[in-house]
Amino acid sequence: MIYRDFQDLKLSGLGMGAMRLPVIDGDDSKIDTAAAEEMVAYAMEHGINYYDTAWGYHGGQSEIVMGNALKKYPRENFYLATKFPGYDLSNMDKVEEIFEEQLKKCQVEYFDFYLFHNVCEMNIDAYLDEKYGIYDYLIEQKKNGRIRHLGFSAHGSYDVIKRFLDAYGKDMEFCQLQLNYLDWSFQDAKAKVELIKEHDIPVWVMEPLRGGKLASLSEENTKKLREMRPDEETPAWAFRFLQSLPEVKVVLSGMSNMEQLQANIRTYEEDKPLNEEEMKTLLGIADKMLEKKTLPCTACHYCVSHCPQGLDIPELLKLYNEHCFTEGGFIAPMALSSYPDDKKPSACIGCRSCEAVCPQQIKISEAMSDFAEKLGL
């Protein structure tokens with residue numbers, strides 16, 4: 001197992017994420033406890049020492065199952081991370097109640113790593129609102145030793161992350177990002193990494209395989225990669241990309257079965273970062289994947305000046321592309337929940353004034369209508 005230095009700790013380069021544990025009969029809230037504990041045992045035996053769970057994973061059952069699985073091992077043998085569930089605004093005034101319950105569910109006296117969960121457009125104002133006392137409470141728990149290291153995870157935009165860092169960056173020790181070779185450009189992850197680097201904060205990675213989309217590629221793309229590394233499996237390329245980024249310390253993978261766990265552990269037996277040609281090829285594959293399912297908006301903003309509704313069309317198209325490529329997901333609905341009704345895609349009146357000045361000749365009105373329909377707006 002590869003280990004990364006973080007302050008005075010050595011963290012396994014591969015961490016076990018507990019968001020996609022094996023389940024019974026396809027029911028996400030019914031974790032196959034025996035299978036999950038077997039996976040934890042295998043992970044511990046093969047050098048994984050970082051385990052990531054959260055309040056809401058598996059309908060609230062993930063923390064319980066991970067607590068039961070890890071209590072069999074000496075506390076100093078593993079690092080446990082969980083998060084304050086700010087993805088649900090109804091939790092904002094319950095930080096103490098939730099934190100105390102998390103300690104009980106996980107059967108520990110402290111958390112090695114604790115995060116503000118999912119900093120995004122929907123919750124940034126609440127996270128920064130002093131009346132909830134979230135920041136003050138978590139800082140106090142850190143002083144009391146019940147949180148060893150404090151950080152945050154983010155699915156939000158660059159600007160949202162910047163607001164959070166401007167407010168709390170001096171106390172953040174790590175940042176967990178959705179980061180992979182597809183989102184390097186698609187979700188502007190490269191710029192986000194640079195922003196976090198400016199604050200001298202190391203990066204933890206979530207969604208290294210983009211929800212499984214990078215675990216298998218087309219026959220054409222698979223052939224390209226095999227020609228460069230005949231013995232490398234397709235999923236391993238996503239991890240090799242991340243091994244090429246010096247800012248990355250821990251890569252979390254939500255593994256659903258023993259086969260996935262074993263394959264990822266084999267990948268993390270050694271560092272094999274990409275060379276320049278391999279990096280160029282992999283990012284080129286990502287670009288081609290995006291071309292097939294996304295609109296070619298360049299954010300020139302010509303459309304905005306011609307929209308009688310004052311819609312932020314480039315941002316809406318960016319969210320539309322995300323929603324179409326992911327074939328659903330939570331990111332676009334989450335971001336749009338912060339928009340007033342008169343700025344959502346459903347506010348488009350189909351006048352096509354924007355299309356008359358679009359250099360890419362995008363049928364914007366049709367995209368807005370389709371987006372509104374997909375989201376039920």
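Summarised in this report is the structure supplied together with it. (Residues numbered from 1 in each chain as written. Predicted model: local features only at pLDDT ≥ 70, side-chain atom pairs only at ≥ 80, totals over all residues. Heavy atoms only, no water.)

1. Concerning the environment of glycine 145
Stated formally: In this text, helices come from DSSP runs of H or I with a minimum length of four residues, and strands from runs of E with a minimum of two, each type numbered from the N-terminal end.
With respect to the helices and strands, glycine 145 occurs in the loop between helix H5 (134–143) and strand E9 (147–154). Between the C-alpha atom of glycine 145 and that of glycine 156, which follows or precedes it by eleven residues, the distance is 29 Å.

2. Examining the packing of helix H9 (residues 219–228) against helix H12 (residues 276–293)
Note the cut-off: To define axes, lines are fitted to C-alpha atoms, for helices over the stretch in contact only, and angles between the resulting N-to-C directions are given on a 0 to 180 degree scale. Throughout this description, any angle smaller than 35 degrees is read as roughly parallel, any larger than 145 degrees as roughly antiparallel, any in the 65 to 115 degree range as roughly perpendicular, and the remainder as oblique. In this description, contact between two residues means that some pair of their heavy atoms is separated by no more than 4.5 Å. Each residue is assigned to one class: nonpolar for Ala, Val, Leu, Ile, Met, Phe, Trp, Tyr, Cys and Pro, charged for Asp, Glu, Lys and Arg, and polar for all the others, Gly among them.
Between H9 and H12, the least distance of the axes is 11 Å, while the angle of their chain directions is 175 degrees. Classified by the angle their axes make, H9 and H12 are roughly antiparallel. Only Glu277, Glu278, Thr281, Leu282 and Ile285 of H12 make contact with H9, whose side of the interface consists of Asn221, Lys224, Leu225 and Met228. Looking at the contact of H9 with H12, its residues break down into four nonpolar, two polar and three charged.

3. A few points about the sheet that holds strand E3 (residues 14–17)
Note the following rule: In this description, strands pair whenever DSSP reports at least two bridges between them.
Strand order around the closed barrel formed by eight strands is E3-E6-E7-E8-E9-E10-E11-E12, with parallel pairing between neighbours. The average angle at which neighbouring strand axes cross in this sheet is 30 degrees, direction not considered. Contacts from H5 reach strand E7 (79–84), strand E8 (111–119) and E9, with the element oriented near 145 degrees to E9.

4. So, the packing of aromatic side chains
So the rule is basically this: Two rings from Phe, Tyr or Trp (for Trp, the six-membered ring) form a pair when their centres sit within 6.5 Å of each other. Planes less than 30 degrees apart are called stacked, planes more than 60 degrees apart edge-to-face, and all others tilted. Note on classification: 1.4 Å probe, protein chains only; a residue is buried when its accessible area is under 20% of the maximum for its type, exposed when over 50%, partly exposed between these limits. A positively charged side chain is recorded as over a ring if its NZ (Lys) or CZ (Arg) lies within 6 Å of the ring centre. The angle to the ring normal must also be within 35 degrees.
Taken as a whole and judged by the stated rule, the model has 24 aromatic pairs. On the basis of an interplanar angle of 80 degrees and a centroid distance of 5.2 Å, the ring pair of phenylalanine 6 and tryptophan 204 is categorised as edge-to-face. Of this pair, phenylalanine 6 sits in strand E1 (residues 3–6) while tryptophan 204 sits in strand E11 (residues 203–206), placing them 198 residues apart in sequence. With respect to class, phenylalanine 6 is no different from tryptophan 204; both count as buried. Summarising the aromatic geometry, the rings of phenylalanine 99 and tyrosine 137 are spaced 5.9 Å apart at their centres and angled 75 degrees between planes, so their arrangement reads as edge-to-face. Highlighted residues: phenylalanine 99 in helix H3 (residues 95–106) and tyrosine 137 in helix H5, separated in sequence by 38 residues. For the pair formed by phenylalanine 99 and tyrosine 137, the shared burial category is buried. Clustering of aromatic rings is evident, with ring pairs tying together Phe6, Tyr50, Tyr79, Phe113, Phe174 and Trp204. Positioned above the aromatic ring of tryptophan 55, the side-chain terminus of lysine 105 is 4.4 Å from the ring centre. Here arginine 229 stacks its cationic end above the ring of tryptophan 237, 5.4 Å away from the centre of that ring.

5. Regarding the pairing of E7
Taken across its six residues, E7 has six buried, putting it largely inside the fold. Relative to E7, strand E6 (residues 50–52) is paired through three bridges, and the arrangement is parallel. Paired with aspartate 52 across the bridge in E7 is alanine 81. Note: E7 against E8, four bridges, orientation parallel. The partner of threonine 82 across the bridge, within E8, is tyrosine 114.

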